[in-house]
Number of protein chains: 2
Amino acid sequence: MSSFHKMSINCNFISETLDCMLEKSHKHVSCASCSARKDSLFGNYCDHELDELDESKSCNYYKKNQPLFIEGSFPRGVFCLNGGKVKVFTRGDEGKEQIIHIAKEGEIIGFRAMFSGEPYKVSASTLEECNICYIGKEDFLNMIESNAVLRNGIMKELSKELGERAVFITNMAQKSVRERLAFALLILHDVYKPEQINLTREDLANFVGTATETLIRLLKDFKEEGVIEIHTRKLEIVDANKLERIAGAR
Amino acid sequence: MSSFHKMSINCNFISETLDCMLEKSHKHVSCASCSARKDSLFGNYCDHELDELDESKSCNYYKKNQPLFIEGSFPRGVFCLNGGKVKVFTRGDEGKEQIIHIAKEGEIIGFRAMFSGEPYKVSASTLEECNICYIGKEDFLNMIESNAVLRNGIMKELSKELGERAVFITNMAQKSVRERLAFALLILHDVYKPEQINLTREDLANFVGTATETLIRLLKDFKEEGVIEIHTRKLEIVDANKLERIAGAR
DNA sequence: CTAAAAAAATGATGTATGTCATCTTTCCAT
DNA sequence: ATGGAAAGATGACATACATCATTTTTTTAG
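The structure contained in this document is the topic of the report that follows. Numbering of residues begins from 1 in every chain and follows the order in which that chain's sequence is written. A letter from A marks each chain and a number from 1 marks each ligand, given out in the order of writing. This being a predicted model, a pLDDT of at least 70 is required before a residue's local features are given, and a value of 80 or more before pairs of side-chain atoms are given or counted; all residues contribute to the totals for chains, interfaces and linings. The side-chain figures draw on all heavy atoms in the structure; neither hydrogens nor water molecules are used.

### Quick look at the interface of chain B and chain A
And step 1. Opposite the 44 residues of chain B that make contact, chain A presents 44 residues.
And step 2. Summed over both partners, the interface of chain B with chain A comes to about 3,700 Å²; 62% of that surface belongs to carbon and sulfur atoms.
And step 3. Accessible area, probed at 1.4 Å, shrinks when two parts are joined; the buried area is that loss added up over both. Of all residues in chain B, Met155, Leu162 and Ile169 of chain B give up the largest surface area on contact with chain A, accounting jointly for 19% of the area buried on that side.
And step 4. Here, a salt bridge means any Lys or Arg side-chain nitrogen found within 4 Å of an Asp or Glu carboxyl oxygen. Seen at the junction of chain B and chain A, the total is 4 salt bridges.
And step 5. Put simply, aspartate 93 of chain B and lysine 175 of chain A hold a salt bridge, and the shortest N to O gap is 2.6 Å.
And step 6. Each polar contact in these results corresponds to two N or O atoms within 3.5 Å; when the atoms are within protein, one needs to be able to donate a hydrogen and the other to accept it, and residues that are neighboring in sequence are counted only if both atoms are side-chain atoms. Applying the counting criterion to the chain B and chain A interface returns 15 residue pairs in polar contact (both at pLDDT 80 or more).
And step 7. Secondary structure counts use DSSP, requiring at least four H or I residues in a row for a helix and at least two E residues in a row for a strand, with both numbered from the N terminus. The element best represented in the side of chain B that touches chain A is helix H6 (residues 148–174) of chain B, accounting for 21 residues.
And step 8. Residues are grouped as follows: Ala, Val, Leu, Ile, Met, Phe, Trp, Tyr, Cys and Pro are nonpolar; Asp, Glu, Lys and Arg are charged; all remaining types, including Gly, are polar. Along the lines of polarity and charge, the residues of the side of chain B that touches chain A split into 17 nonpolar, 11 polar and 16 charged. Throughout, a residue-residue contact means that at least one pair of heavy atoms, one from each residue, lies within 4.5 Å.

### A few points about the pattern of salt bridges
And step 1. Using the criterion set out here, one finds 26 salt bridges over all chains in the structure.
And step 2. Between glutamate 118 of chain A and lysine 121 of chain A there is a salt bridge, and its shortest N-O distance comes to 3.8 Å.
And step 3. Note on glutamate 118 of chain A: relative accessible area 17%, which makes it buried.
And step 4. When the shortest N-O distance is used, the salt bridge between lysine 193 of chain B and aspartate 190 of chain B registers 3.1 Å.
And step 5. Residues participating in the shared-partner salt-bridge network are Lys87, Arg91, Glu97 and Asp203 of chain A. We call a residue buried when its accessible area falls under 20% of the maximum for its residue type, exposed when it is over 50%, and partly exposed in between, using a 1.4 Å probe and counting protein chains only.

### As for the sheet that holds strand S10 (residues 228–231) of chain A
Residue and element names in this part refer to chain A.
And step 1. The sheet built from 3 strands is open, its strands ordered S9-S11-S10 with antiparallel pairing. The sheet terminates laterally at strand S9 (197–198) and S10, the two strands that pair on one side only.
And step 2. When DSSP finds two or more bridges between two strands, those strands count as paired. Two elements, S9 and strand S11 (residues 234–237), share 2 bridges in a ladder whose sense is antiparallel. Each residue of the ladder has a partner; that of isoleucine 197, found in S11, is leucine 235.
And step 3. Note on method: axes are straight lines fitted to C-alpha atoms, helices fitted across the in-contact stretch only, with angles between N-to-C directions ranging 0 to 180 degrees. Packed on one face of the sheet, helix H9 (residues 212–224) meets S10 and S11 and runs near 120° to S10.

### Observations concerning unusual backbone geometry
And step 1. Residue proline 194 of chain A is reached from lysine 193 of chain A by a cis peptide bond, and omega for that bond is 10°.
And step 2. Residue position: proline 194 of chain A is located in the loop between helix H7 (177–192) and S9.
And step 3. At threonine 232 of chain B, a position not held by glycine, the phi torsion is positive, near 50°.
And step 4. You can see threonine 232 of chain B is positioned in the loop between strand S10 (228–231) and strand S11 (234–237).
And step 5. Look at threonine 232 of chain B and you get exposed, because its relative accessible area is 67%.

### Brief notes about the nonpolar core
And step 1. Only buried residues count toward a nonpolar core. Its members are Ala, Val, Leu, Ile, Met, Phe, Trp, Tyr and Cys residues joined through side-chain atoms within 4.5 Å. Ranked by internal contacts, the top residues of the largest apolar core, which has 97 residues, are Ile109, Leu185 and Leu204 of chain A together with Ile109, Leu185 and Leu204 of chain B.
And step 2. It is helix H7 (residues 177–192) of chain B that provides the largest number of residues to this core, a total of 8 residues.
And step 3. Apart from the residues lying within four places of it in its own chain, the contact partners of leucine 185 of chain A are Ile197, Leu204, Phe222, Ile228, Leu235, Ile237 and Leu243 of chain A.
And step 4. Counting residues in hydrophobic clusters, the runner-up holds 46 residues, among them Val78 of chain A together with Leu53, Cys59 and Ile108 of chain B.

### Thoughts on the packing of helix H8 (residues 201–208) of chain B against helix H9 (residues 212–224) of chain B
Each packed pair of helices is defined by two parameters, the angle between the axes and the distance between the axes.
Residues and elements named next belong to chain B.
And step 1. Interaxial distance between H8 and H9 falls to 9 Å at its minimum, and their mutual angle equals 100°. Our classification of the angle between H8 and H9 gives roughly perpendicular. Contacts between H8 and H9 involve Arg201, Glu202, Leu204, Ala205 and Val208 on the former and, on the latter, Thr212, Leu215, Ile216 and Leu219.
And step 2. Per-class residue counts for the contact of H8 with H9 are 6 nonpolar, 1 polar and 2 charged. Convention used here: angles under 35 degrees read as roughly parallel, angles over 145 as roughly antiparallel, angles from 65 to 115 as roughly perpendicular, and any remaining angle as oblique.

### Structural notes on the packing of aromatic side chains
And step 1. For Phe, Tyr and Trp, rings pair up if their centres lie within 6.5 Å, where Trp contributes its six-membered ring, and each pair is then called stacked (planes under 30 degrees apart), edge-to-face (over 60) or tilted (otherwise). On inspection of all chains with the given rule, the structure shows 14 aromatic pairs over all chains.
And step 2. Relative to tyrosine 134 of chain A, the ring of phenylalanine 79 of chain A has its centre 5.1 Å away and its plane inclined at 65°; by these criteria the two rings are edge-to-face. Taken together, the positions of phenylalanine 79 of chain A in strand S3 (residues 77–83) and tyrosine 134 of chain A in strand S8 (residues 130–136) put the pair 55 residues apart, joining distant regions of the chain.
And step 3. Residue classification places tyrosine 134 of chain A among the partly exposed positions, given a relative accessible area of 23%.
And step 4. With centroids separated by 6.0 Å and ring planes inclined at 75°, the aromatic side chains of phenylalanine 168 of chain B and phenylalanine 207 of chain B adopt a geometry described as edge-to-face. Placement of phenylalanine 168 of chain B in helix H6 and of phenylalanine 207 of chain B in helix H8 is noted, with a sequence separation of 39 residues between them. With respect to class, phenylalanine 168 of chain B is no different from phenylalanine 207 of chain B; both count as buried.
And step 5. By definition, being over a ring means that NZ of Lys or CZ of Arg is both within 6 Å of the ring centre and within 35 degrees of the ring normal. The ring of tyrosine 192 of chain B has lysine 85 of chain B sitting right over it, with the charged end atom 5.2 Å from the ring centre.

As structure tokens, then:
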């Protein structure tokens, strides 16, 4: 319901939204009117660039837990997240997911494998109902080639993520599960705001890198310490400062 | 001594090498004659591009354990590794190093922060005697802007590393120390060949993400199982297949 | 609205790995 | 060559966390 509300903001008319969501139509959501765009790499596109972008993209509705792409397959285009949250993850040897990133509105997903020439090293699937646009490989690469601003934005994004992952690796190697959970909650707080964090315990455990049971116990600790409130599936951050202290420096 | 030999290959004359190494001169090693170049992003440069590259770079000799750059500072240029090995690492809250990557001849180091506009998220320092060229920020960015092949090479490299780090994170989160050590040894085997792995136990532990004592015990196990030989500081991989089996899939 | 399935919660138990303390070997500068 | 420092090795011990088994709660589908 709150995600429904959010979604409606991103479309021109309620009727279009309903088509989009309830009837899974592939109705075009124009980039010019996409509210997620301003925070995206296309944020500073001018009118004719937007028209061109509109031409080359398709728009799709995804139900909860639908895959966008799967580890090992080859990319045919990139995904531009108009509404909803998407998890990006790999599977370890025993099939257990390790969530690398949770993407929100405005993010472009899956462009890494486009440049590396390798198959996807990660999978991506929706965590909730999503509206996602799709740009074919050729169109996207042409845009990159001809538009220096977009290209620099992409390079900046790749570089930023690379830095973040170095920190992620260090946290995994050196922090306790308790510290990592605090760290993860802070990240998710940022991703989900102004809404509350809304993930299954299993997904959260797979993001933190721990067993579901351990995660549940630690959440309970945090609740008893007054740093979070648990509203069934939704987690509310009550004391972010304390979380930061628990998570340690950085 | 064997690293001395290797170094000499990369310079035009022995006398130049000696200057370079023993007297720490900044004598120019020409890119045209750099044997590390063929495997690098500059591998397919033509003559006049090489001249240009030569103009804009400086060449320096580094002793063992010297820093190239430090986490938190801002980049002023990139480093191009002509000879020797370099570790790239972050420090956790208690100052413990987590090694993210070990770079070898031909690699360009430190270009991530150049694009992200952020300070370095990692530090880099030499693991042995090194010959390292340096290209200033402005020159490098100009090259990127004007040379599409180099640019695409950089984007490919960024993308590949991003994928590798997703795997690294998953390994950290889900594999046992024993499995991670096997995995690390295979990576290092590749980096160091045709030489033997040559790292302190502490550095190796900081790469695997474990305590030095634990690492030492596991090395002993591997030795007793006949997968490695330990020649004091140097590690010889005897049975790579078995290591792969221990490391698990991927 | 209800039944079945999925998710969440809780307890009991084992173990891989970190920590601390001590000793030995190797390295390196003088 | 030699002595001090760094690196390597080994043992004893503690514990954070995973695993397994079971129960309760929530969600979903018919």
